[in-house]
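A closer look at the structure
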Amino acid sequence: MIARALITTCLWLLTTPALADTVVAARTIRAQTILAPSDLTMVAGDVPGSIGSIDEAVGLESRVMLYTGRPISASDIGPAAIVDRNQIVVLRYSHGGLSISADGRALDRAGIGDVVRVMNLSSKTTVSGVVAPDGSIHVGGLAAQ
């Protein structure tokens, strides 16, 4: 009798899907805050679209306000911004042997690898480019590849 109950319990545990853990905010976190392990906690349950590990979020920046106990999705966080809105940046275009540089004004905040809109200060034209690790914005040429 006990063996049968033990076998039944083991089979039930093997066939029951395991619930994944979900990362939630441990406190209310303002946008543009770099996340630390103390800002996050794990809760039981799987919320579609949310991140499943605190390590995935630590060191990233919150892009929106994160509320206590609410799941954190991958779109709520991202790399820390190195370009601020209205910051003067260098626009770079490179293709083959041609390289052009110009000054521009960033129209949004952005991190490494993000696409940002920039106004060319000489022509007043708005262009989009990719933020490089040095803070310059690569437009056209190699940025489009």
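Please read these numbers as outputs of a predicted model, since none were measured by experiment.

**What about the overall build of the chain?**
Within the chain, the secondary structure is distributed over 2 helices and 11 strands. A burial count over the chain gives 28% of its 145 residues as buried. Accessible surface, the chain as shown: approximately 9000 Å² in total, 59% of it carbon and sulfur.

**A word on the side chain of Asp39**
Mapped onto the elements, Asp39 comes out in the loop between strand S1 (21-25) and strand S2 (40-44). Given the relative accessible area of 5%, Asp39 is considered buried. Here Arg27 takes part through its side chain, which lies 2.8 Å from a polar atom of the side chain of Asp39.

**Quick word on the sheet that holds strand S7 (residues 98-106)**
Hydrogen bonds between backbone groups are what pair the strands of a sheet, and the pairing can be parallel or antiparallel. With mixed pairing, the 5 strands of this closed barrel are ordered in space as S6-S7-S9-S10-S11. As paired elements, strand S6 (residues 88-95) and S7 share 8 bridges and run antiparallel to each other. The residue bridging Val90 from the neighbouring strand is Asp103, located in S7.

**Some words on unusual backbone geometry**
Generally, phi is negative for residues other than glycine and the peptide bonds are trans, each holding for most cases. Phi angles above zero are rare outside glycine, and Gln32 is one such case at about 70°. Within the element layout of this structure, Gln32 appears in the loop between S1 and S2. A relative accessible area of 48% places Gln32 in the partly exposed class.

**Side note on the pairing of S7**
In this antiparallel pair of consecutive strands, S6 and S7, the connection spans 2 residues, and Gly96 shows a positive phi of 60°. Relative to strand S9 (residues 115-120), S7 is paired through 3 bridges, and the arrangement is antiparallel. Each residue of the ladder has a partner; that of Gly104, found in S9, is Asn120.

**Some words on the pairing of strand S10 (residues 126-131)**
The sheet contact formed by S9 and S10 spans 5 bridges and is antiparallel. Following the sheet pairing, Val118 is matched in S10 by Val127. Examined bridge by bridge, S10 and strand S11 (residues 137-138) share 2 bridges and lie antiparallel to one another. Bridging across to S11, Val131 finds its partner in Ile137. Between the end of S10 and the start of S11, which pair antiparallel, lie 5 residues, with Gly135 showing a positive phi angle near 90°.

**Remarks on the pattern of salt bridges**
Taken as a whole and assessed by the stated rule, the structure comprises 5 salt bridges. The partner of Arg27 in a salt bridge is Asp39, and the shortest N-O contact between them spans 2.8 Å. One end of the pair, Arg27, is in the loop between S1 and S2; the other, Asp39, is in the loop between S1 and S2, with 12 residues separating them in the sequence. With a closest N to O distance of 3.5 Å, Arg63 and Asp114 form a salt bridge. Taken as a pair, Arg63 in the loop between strand S3 (61-62) and strand S4 (77-78) and Asp114 in the loop between strand S8 (110-111) and S9 lie far apart in primary sequence, 51 residues in all.

**Overview of the environment of Leu35**
With respect to the secondary-structure elements, Leu35 resides in the loop between S1 and S2. When the C-alpha atoms of Leu35 and Ile77 are compared, they prove to be 8.9 Å apart, with 42 residues separating the residues in sequence. Every residue in contact with Leu35, bar those within four places of it in the chain, is listed here: Ile29, Leu40, Ala57, Val58, Gly59, Leu60, Leu66 and Ile77.

**Concerning the environment of Ala110**
If you trace the backbone, Ala110 turns up in strand S8. The spacing of Ala110 and Gly78 is 32 residues in sequence and 9.4 Å in space, taken between C-alpha atoms. If near-sequence neighbours (up to four positions away) are discounted, Ala110 is found in contact with Ala81, Ile82, Val83, Val116 and Val131.

Rules used throughout
Residues numbered from 1 in each chain as written. Predicted model: local features only at pLDDT ≥ 70, side-chain atom pairs only at ≥ 80, totals over all residues. Heavy atoms only, no water. Helix = DSSP H or I, 4+ residues; strand = E, 2+ residues; numbered from the N terminus. Buried < 20%, exposed > 50% of the residue type's maximum accessible area, 1.4 Å probe, protein only. Areas by Shrake-Rupley, 256 points an atom, 1.4 Å probe, with all protein chains shown as cover. Polar contact = N/O pair within 3.5 Å; in protein donor to acceptor, adjacent residues only side chain to side chain. Pairing = 2+ DSSP bridges. Salt bridge = Lys/Arg side-chain N within 4 Å of Asp/Glu carboxyl O. Contact = heavy atoms within 4.5 Å.

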